[in-house]
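Reading the structure
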Amino acid sequence: MHTQTLQIDNGVNVNALLGARQALAQAPEAARFTWRATSRWVNGTHSQATVEGYHGLGDEQRHKQRFHFDTDHPEVFASEDHGATPVEYVLVGLAGCLSAGIAAVAQHRGIQLRAVNATLEGSMDIQGILGMDSEIRNGFDDVRVTFEIDAEASREEIEALVAQSQKRSAVYDILTNPTNVSVTVK
Amino acid sequence: MSNASRRAAASCRAATVVVIGAGQAGLAMSHYLQARSIDHVVLERGEIAHSWRNERWDSLRLLTPNWQCRLPGVRYAGPDPEGFMTMPEVADFICRYAERLTAPMLTGTTVTSVHPVEGGYHVMTDGGAWRCRAVVIASGACSRPLIPALARDLPATVATLSAREYRRPSQLPEGGVLVVGASATGLQLADEIQRSGRPVTLAVGEHVRMPRRYRGRDIHRWLDTLGILDQRHDEVDDIVRARQVPSPQLIGSPEHRTLDLNTLTDRGVALVGRLVGRRDRTLQFSGSLANHCASADLKLGRLLETIDDWCRRHGLDESCPAPERLAPTRVPRSPKLSLDLGRGEIRTIVWATGFKPDHAWLHVPVFDPRGRLRHDGGIVDAPGLYVMGLPFMRRRKSSFIHGVDDDARELSAHLADYLANRKGRPGMSRSGIARLHSRGSLCL
């Protein structure tokens, strides 16, 4: 490990992450995580989702507190706009995932970060969700993320951080690769 | 079975060491065993240098220049040190090398099983059985093509073949071709198939980009000079990952040309992301092409920076041609994410998705949960068992022709020690055998 790691602090405990990697190599079943959310329809396009428990490290786990998220649509969709649209939450998830990755990789590589700002855009043609044209998909046809990063590193090193964070990002993977989704009624 | 092999099968022959495979790795090991006067036999399923002669496509030349083709005690002495050998030339080079060795080489002899027995191993072949104290596995890293599971049940209208079966474009039906994989193999096949008039789509995942020449020297000269090829397995951060890195996008050609994704784009090859899924007739590609290309460009930039650094430090900045940077890889604005095989536009899929060794005949519990051989730089996790020639096995160059020399020298020394330390001892304990022995009939 770089001696620099001791002097820089991005608030990421890399040693804990590396330790987890070693421990999980011995007990791969503990690496199986299940993330959960529950949701309650409120009215119209407004729903409220809750996140609290999850499964991992071979046991039930719990966040320090219960988190609530309102999803809705804006007034241009004749909705009441009680929260971000579900697709905006996808961008929020991607931003959080890539930024966390950048911090972790930077810590591991001995790079002190000062600011990591991301702007995300996802574009779609809503003729898809309105069922007007079967050739047009419902979801994003393009997602663009722009990072502005201030760090004690060269431009190439910063670009490498961003590249590596995509390689290790769950949400980036979820967005770029197909996933089996099953939706059932109880 | 011939009379000779029937006679052989009836008895069990003995050698101190059995070397499995007569390619560069097995022969280099034979050289060092001979130098140490360790009695051994080399068993070869086909002919000497079999895979080089029979399991490569027609146009392939080595990715390493001739000057780099060396085996223990032999260097290239021909007229074109900077050139690249064709496959028949490689096979001849290895066959000539075999003539220098004195150990018996049994060609046309396929090993069907290896079992641990008291004091060593029992090696069964289609030409009889062998008893030995140690075994060196040198049967190659590319015995079985790695083909993704989604290849099963593809529409019958699409022909599929692996890079091992591919020989030349004319072997393929007319029409579009999907080449899966962007290592040296994938790029070379995409290039020549596209030139044959069959429009190619290339699925690109993680890859390693390299120019053929840089600042007046072959890239392999630089890798050699910088000591990158000599990096040892115990010197890198993550050896498991290092062993999985695909081969650099290189081609050995008389023109010393560079082959990269931009070359292919110029020729009209369509780039798509990694092949990640299939729903019925539709193949799905990852949306990660841009990042894979950006990562490879950054990595290439770091390599060229290292070379430039070296030039500066060695006062060669003036005498070497000036540094340059390659144009970034051009990624299509929106690469295709899916491809409906039912539409008939793709007639053939070529899997350039890598290879794995075939150790199905090795009945010794030395495999990790993923079926990979457990070894420490070629010293397999069972007494007297060694392996040669796997990617980054002991050094980054382990799977290269010139890489087997150092490995064979060191492993033969370890093997000699092992044999010496076991002399006069009662041999492997019964419980040791019970632990190692899986099943099968033994000749004791």
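Thresholds, definitions, all that
All chains use their own residue numbering, which begins from 1 and follows the written sequence. Just so you know, chain letters begin at A and ligand numbers begin at 1, following the order they were written in. The predicted nature of this model means local features are confined to residues of pLDDT at least 70 and side-chain atom pairs, given and counted, to a pLDDT of 80 or more, with totals for whole chains, interfaces and linings taken over all residues. Only hydrogens and water are set aside; all other atoms, that is, all heavy atoms of the structure, feed into the side-chain values. Secondary structure is summarised from DSSP: a helix means a run of H or I of at least four residues, a strand means a run of E of at least two, and numbering begins at the N terminus for each. Exposed residues in this analysis have more than 50% of their type's maximum accessible area, buried residues have under 20%, and partly exposed residues fall in between, with area computed by a 1.4 Å probe over protein chains only. Residue contacts are counted whenever heavy atoms from the two residues lie within 4.5 Å of one another. As a reference, a globule follows 2.2 Å times the number of residues to the power 0.38, and the radius of gyration itself is taken over C-alpha atoms. In short, Shrake-Rupley with a 1.4 Å probe defines the accessible areas, and a residue's cover is counted only from the protein chains shown. Think of it this way: Lys and Arg go in the positive column, Asp and Glu in the negative one, and His and the chain ends go nowhere. We put the charge of a Lys on NZ, of an Arg on CZ, of an Asp on CG and of a Glu on CD. Here the expected span of a helix is defined as 1.5 Å times the quantity of residues minus one. The domain boundaries here were taken from an automatic or database domain assignment. Buried surface area refers to the total accessible area, computed with a probe of radius 1.4 Å, that the two partners give up upon joining, counted for both partners together. Polar contact is the term for a pair of N or O atoms within 3.5 Å; when the atoms are in protein, one must be able to donate a hydrogen and the other to accept it, and sequence-neighboring residues count only if both atoms are side-chain atoms. For this classification, the nonpolar set comprises Ala, Val, Leu, Ile, Met, Phe, Trp, Tyr, Cys and Pro, the charged set comprises Asp, Glu, Lys and Arg, and every other residue, Gly included, is treated as polar. A strand pair is defined by DSSP finding two or more bridges across the two strands. Working convention: axes come from line fits to C-alpha atoms, limited for helices to the stretch in contact. Angles between N-to-C directions cover 0 to 180 degrees. In what follows, salt bridge is the name for a side-chain nitrogen of Lys or Arg lying within 4 Å of a carboxyl oxygen of Asp or Glu. Think of a nonpolar core as a cluster: buried Ala, Val, Leu, Ile, Met, Phe, Trp, Tyr and Cys residues, connected wherever their side-chain atoms sit within 4.5 Å. Within a predicted model, pLDDT stands for the predictor's per-residue confidence, ranging from 0 to 100. Think of a patch as exposed residues, more than 30% relative accessible area, with no salt bridge, where like charges cluster within 9 Å and nonpolar side chains (Val, Leu, Ile, Met, Phe, Trp, Tyr) cluster within 5 Å. Should an angle fall under 35 degrees it is taken as roughly parallel, and over 145 as roughly antiparallel, whereas 65 to 115 is taken as roughly perpendicular and any remaining angle as oblique.

By the naming in an unreviewed UniProt entry, chain B is Putative flavoprotein involved in K+ transport, taken from Modicisalibacter xianhensis.

Broken down by element type, chain A carries four helices and six strands. Put simply, chain A runs from its N terminus to its C terminus through helices and strands in the order α-β-β-β-β-α-β-β-α-α. The dimensions of chain A, computed from C-alpha atoms along their principal axes, are 60 × 40 × 30 Å. The proportion of buried residues among the 186 residues of chain A is 27%. Once local pairs closer than 6 in sequence are excluded, the contacts in chain A between residues at least 24 apart make up 51%.

Turning to the overall build of chain B, a few remarks are in order. Within chain B, the regular secondary structure consists of 11 helices and 25 strands. Relative to the 2.2 N^0.38 estimate, which gives 22 Å for 444 residues, the radius of gyration of chain B is 23 Å and therefore close to what a compact globule would have. When each of the 444 residues of chain B is scored for burial, the buried share is 51%. Carbon and sulfur atoms make up 49% of the accessible area of chain B, which totals about 19400 Å². Of note, chain B has its 61 positive side-chain charges centred 5 Å away from the centre of its 47 negative side-chain charges.

What follows covers helix α2 (residues 86–108) of chain A. Look at α2(A): 33 Å from first C-alpha to last across 23 residues, which is about the 33 Å you get at 1.5 Å a residue. Downstream of α2(A) by a residue or two, G110(A) has a phi angle that is positive, lying close to 75°.

This part is about the domain arrangement of chain A. All names here are of chain A. By domain assignment, chain A separates into domain 1 (1–30 + 85–176) and domain 2 (32–83). For domain 1 and domain 2, the distance between their C-alpha centroids amounts to 21 Å. Between domain 1 and domain 2, the residue contacts involve eight residues of the former and 13 residues of the latter. Summed over both sides, the interface between domain 1 and domain 2 buries roughly 690 Å², with carbon and sulfur atoms accounting for 66% of that surface. Three residues stand out in domain 1 for area buried against domain 2, namely A30, T85 and Y89, and they jointly supply 64% of the buried area on that side. At the junction of domain 1 with domain 2, the criterion picks out four residue pairs in polar contact (both at pLDDT 80 or more). The residue makeup of the side of domain 1 that touches domain 2, split by class, is six nonpolar, one polar and one charged.

This part takes up the sheet that holds strand β18 (residues 275–279) of chain B. All names here are of chain B. Strand order in the open sheet formed by three strands is β18-β19-β20, with antiparallel pairing between adjacent strands. In this open sheet, the two edge strands, each paired with only one partner strand, are β18 and β20 (338–340). Between one strand axis and the next, the sheet turns through 20° on average, direction left out of account. In this sheet, strand β19 (residues 282–285) lies alongside β18 in antiparallel orientation, the contact comprising four bridges. Within β19, the position partnered with R279 by the bridge is T282.

All names here are of chain B. Domain assignment breaks chain B into domain 1 (3–143 + 357–436) and domain 2 (147–351). Taking only C-alpha atoms, the centre of domain 1 and the centre of domain 2 are 30 Å apart. Between domain 1 and domain 2, the residue contacts involve 33 residues of the former and 34 residues of the latter. A buried area of about 2800 Å², summed over both sides, lies between domain 1 and domain 2, and 49% of it is on carbon and sulfur atoms. Among the residues domain 1 hides against domain 2, the three largest losses belong to W57, L63 and F392. Together they make up 25% of the total. Where domain 1 touches domain 2, the interface holds five salt bridges.

A few words on the nonpolar core. Among the nonpolar cores identified, the biggest contains 91 residues, and L202(B) and L385(B) are the most heavily contacted of them. With sequence-adjacent residues up to four places away left out, L202(B) is seen in contact with V179(B), G181(B), G186(B), L187(B), A190(B), L261(B), L264(B), V269(B), A270(B), L271(B) and V272(B). In this structure, V12(A), L94(A), F147(A) and Y172(A) belong to the second largest nonpolar core, which totals 21 residues.

This part is about unusual backbone geometry. Residues and elements named next belong to chain B. Phi at R215 takes a positive value of approximately 50°, unusual for a residue other than glycine. Structurally, R215 is set in the loop between β15 (213–214) and β16 (217–218). Notably, H256 is not glycine yet its phi reads approximately 60°, a positive angle. By the element assignment, H256 lies in the loop between α7 (239–242) and α8 (261–267).

The next subject is the environment of R243(B). All names here are of chain B. Positionally, R243 belongs in the loop between α7 and α8. Residue class for R243 comes out partly exposed when judged on its relative accessible area of 24%. For the pair R243 and L178, spaced 65 residues apart in sequence, the C-alpha to C-alpha distance is 26 Å. With residues up to four places along the chain from it excluded, the contact list for R243 reads H233, H375, G377, P391, F392 and M393. Of the polar contacts made by the side chain of R243, one reaches the backbone oxygen of M393; its length is 2.9 Å.

Attention shifts here to the confidence of the model for chain B. Per-residue confidence for chain B gives a mean pLDDT of 92; residues scoring 70 or more make up 93%. Low pLDDT (under 50) marks residues 424–429 of chain B, which in the prediction has 10 contacts with non-local residues, meaning those over four places away or in another chain.

This brings us to a nonpolar patch on the surface. Residues V76(A), F77(A), I126(A), I129(A), L130(A) and M132(A) make up a contiguous nonpolar surface patch of roughly 620 Å² in combined accessible area. Relative to the helices and strands, L130(A) is located in the loop between β5 (113–123) and β6 (142–151).

Another point: the packing of helix α1 (residues 14–26) of chain A against α2(A). Residue and element names in this part refer to chain A. Between α1 and α2, the least distance of the axes is 10 Å, while the angle of their chain directions is 95°. Taken together, the axes of α1 and α2 lie roughly perpendicular to each other. Contacts between α1 and α2 involve V14, L17 and L18 on the former and, on the latter, A104, Q107 and H108. Taken together, the residues that form the contact of α1 with α2 break down as four nonpolar, two polar and no charged.

Turning our attention to the interface of chain A and chain B. Taken together, the contact pairs 14 residues of chain A with 15 residues of chain B. Buried area between chain A and chain B, both sides added, is near 1100 Å², and the carbon and sulfur share of it is 45%. Its largest share of buried area at the contact with chain B, chain A owes to K167(A), T176(A) and P178(A), together 36% of the area lost on that side. Where chain A touches chain B, the interface holds two salt bridges. In this structure, the salt-bridge partner of E206(B) is K167(A), at a minimum N-O distance of 3.5 Å. If you look at where chain A meets chain B, you find seven residue pairs in polar contact (both at pLDDT 80 or more). Secondary structure elements with two or more residues in the side of chain A that touches chain B: α3 (155–167) and α4 (170–176) of chain A. Tallying contributions element by element places α3(A) first for the side of chain A that touches chain B, with six residues. Residues that form the side of chain A that touches chain B fall into these classes: four nonpolar, five polar and five charged.

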